[in-house]
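Read off the chains here:
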Amino acid sequence: MANKPSIPKGMRDFPQQDMAERNYIFDTIKSVFRSFGYAQIETPAMENLSTLLGKYGDEGDKLLFRVMNSGEKAAQAPEKGLRYDLTVPFARYVVQHQNEISFPFKRFQIQPVWRADRPQKGRYREFYQCDVDVIGSKSLLNELELVQIVDEVFGQMGIRVCIKINNRKILAGLAEVSGQPDRLVDITVAIDKIDKIGLDAVKEELAGKGLTEAAIAVIEPVLTLSGTTQEKLGKMRTLLAASEIGMKGLEEVGTLFSLIDGAGIRQQVELDLSLARGLNYYTGAIFEVKALDFAIGSICGGGRYDN
């Protein structure tokens, strides 16, 4: 009896009903992106490894699918990889085509990405990302527009969400006042897991990375800070008073929340100081979107990445 055919772990087929439902979601997202003035582009599935490596931190680099040329010997190092996300290929696209682009450049992409992760419920090795970015502008109105896009997309689909916001400059300031300014990546990678592994496990990981008890004692209360946005900002201004970059982050967050308050956003918006977004390239505001009526993890995320 012939073996039953199969597909690689972490990959999926999409039957016709699933495709109909997915196309409805994609069509809704595309229409909202276009209504805010974003144009669609696509980039290839494979990028040069030199483009991809070093952008996602050590943990992200380990999850890159490396691609061998046909006929290459196993001893030869692959020079290409399947894209891990759509952000780094977009940055490469902008650099490569900068003389043909008018700035600010507003683009969206809806394409599959690949990660050599351990397959589990809700986590696949091939999945689609719906990316929207604006490049060539430092205005915080861009962050407001992204909040408005999230508000409109999930509003049209009838899904209640909470939009969580933080700023990487605040986290850099936290690393500074804890006496660990060079350990920002270790700190953000650890606290980015707080929803999955809990506070105690995050503290253990920080200690395992070499952070002192005194440094962890500075960081811990920030991760559990409660209250209104203004109360949180007030407490953080006291804590980060000695950090110029931390105070700049608090100023940016304060301005963004003022813009959001005046924009009539219908979805819930929250300042979450434990939000870290473990990827290395973020430099300013960071976002994460969580569904309020479904027991699933983050369904959307991103942030500002300058330079």
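Cut-offs applied
Residues numbered from 1 in each chain as written. Predicted model: local features only at pLDDT ≥ 70, side-chain atom pairs only at ≥ 80, totals over all residues. Heavy atoms only, no water. Pairing = 2+ DSSP bridges. Helix = DSSP H or I, 4+ residues; strand = E, 2+ residues; numbered from the N terminus. Contact = heavy atoms within 4.5 Å. Axes fitted to C-alpha atoms, helices over the stretch in contact; angles between N-to-C directions. Left-handed = near helix turned anticlockwise from the far one by under 90°. Nonpolar A, V, L, I, M, F, W, Y, C, P; charged D, E, K, R; others polar. Salt bridge = Lys/Arg side-chain N within 4 Å of Asp/Glu carboxyl O. Buried < 20%, exposed > 50% of the residue type's maximum accessible area, 1.4 Å probe, protein only. Core = buried A, V, L, I, M, F, W, Y, C linked by side-chain atoms within 4.5 Å. Polar contact = N/O pair within 3.5 Å; in protein donor to acceptor, adjacent residues only side chain to side chain.

Hydrogen bonds between backbone groups are what pair the strands of a sheet, and the pairing can be parallel or antiparallel. The strand order across the open sheet formed by three strands is 2-4-3, and the pairing between neighbours is antiparallel. With one partner strand each, in any of the chains shown, strand 2 (46–48) and strand 3 (66–67) form the two edges of the open sheet. Pairing geometry for strand 3 and strand 4 (residues 80–82), over two bridges, is antiparallel. Its bridge partner lying in strand 4, valine 67 is registered against lysine 80.

With that settled, the discussion passes to the environment of glutamate 270. Position of glutamate 270 among the secondary structure elements: in strand 8 (residues 268–271). Sequence separation between glutamate 270 and threonine 229 is 41 residues, and the spatial gap between their C-alpha atoms is 7.2 Å. Those residues within four positions of glutamate 270 in sequence are excluded, and the remaining contacts are Cys162, Ile163, Lys164, Ile165, Lys232 and Phe257.

The next subject is the sheet that holds strand 8. If you trace the four strands from one edge of the open sheet to the other, you get 8-7-9-10, paired in mixed fashion. Two strands lie at the open edges of the sheet, namely strand 8 and strand 10 (298–303), each paired on one side alone. Between one strand axis and the next, the sheet turns by 20° as a mean value, whatever way the strands run. Note that strand 7 (residues 161–167) and strand 8 share four bridges and pair parallel. Bridge pairing in strand 8 links isoleucine 163 to valine 269. Its contacts with the sheet place helix 5 (residues 141–156) against strand 7, strand 9 (285–291) and strand 10, and it is angled at close to 10° to strand 9. Relative to strand 7, helix 6 (residues 168–177) is tilted by about 50°, and along the sheet it contacts strand 7 and strand 9.

Now for the packing of helix 1 (residues 16–35) against helix 5. Following both chains from N to C, one finds helix 1 and helix 5 inclined at 145°, their axes separated by 10 Å at the closest point. Crossing angle aside, the handedness with which helix 1 passes helix 5 is right-handed. Packed against helix 1, whose contacting residues are Tyr24, Thr28, Ile29, Ser31, Val32 and Phe33, the element helix 5 presents Ile149, Glu152, Val153 and Gln156 at the interface. By residue class, the composition of the contact of helix 1 with helix 5 is six nonpolar, three polar and one charged.

Another point: the pattern of salt bridges. Once the charged atoms of two side chains with opposite charge are near each other, the side chains can pair. Evaluation of the coordinates by the stated rule reveals 17 salt bridges. Note that aspartate 293 is salt-bridged to arginine 160, the shortest N-O span being 2.7 Å. Here aspartate 293 is found in the loop between strand 9 and strand 10, whereas its partner arginine 160 is found in the loop between helix 5 and strand 7, with 133 residues between them in sequence. Accessibility expressed as a relative area gives 46% for aspartate 293, which makes it partly exposed. Here the salt bridges do not stand alone but share partners, grouping Arg107, Asp131 and Asp133 into one network.

In this section: unusual backbone geometry. Between phenylalanine 103 and proline 104 the backbone carries a cis peptide bond, its omega angle lying at -5°. Structurally, proline 104 is set in the loop between helix 4 (87–96) and strand 5 (105–114).

The next subject is the nonpolar core. Among the nonpolar cores identified, the biggest contains 60 residues, and Ile163 and Ile165 are the most heavily contacted of them. With six residues, helix 5 is the largest single contributor of residues to this core. Sequence-distant contacts of isoleucine 165, that is, excluding residues within four places in its chain, are made with Val147, Leu256, Phe257, Ile260, Val269, Glu270, Leu271, Asp272, Leu275, Ile286 and Phe287. Counting six residues, the second largest nonpolar core, distinct from the first, contains Ile41, Tyr93, Val94 and Phe105.

Right, let's talk about the side chain of arginine 92 for a bit. Within the secondary structure layout, arginine 92 lies in helix 4. Of note is the side chain of arginine 92, whose polar atom sits 2.7 Å from the side chain of glutamate 47. Once residues lying within four places of it in the same chain are set aside, the contact partners of arginine 92 are Thr43, Pro44, Glu47 and Thr51.

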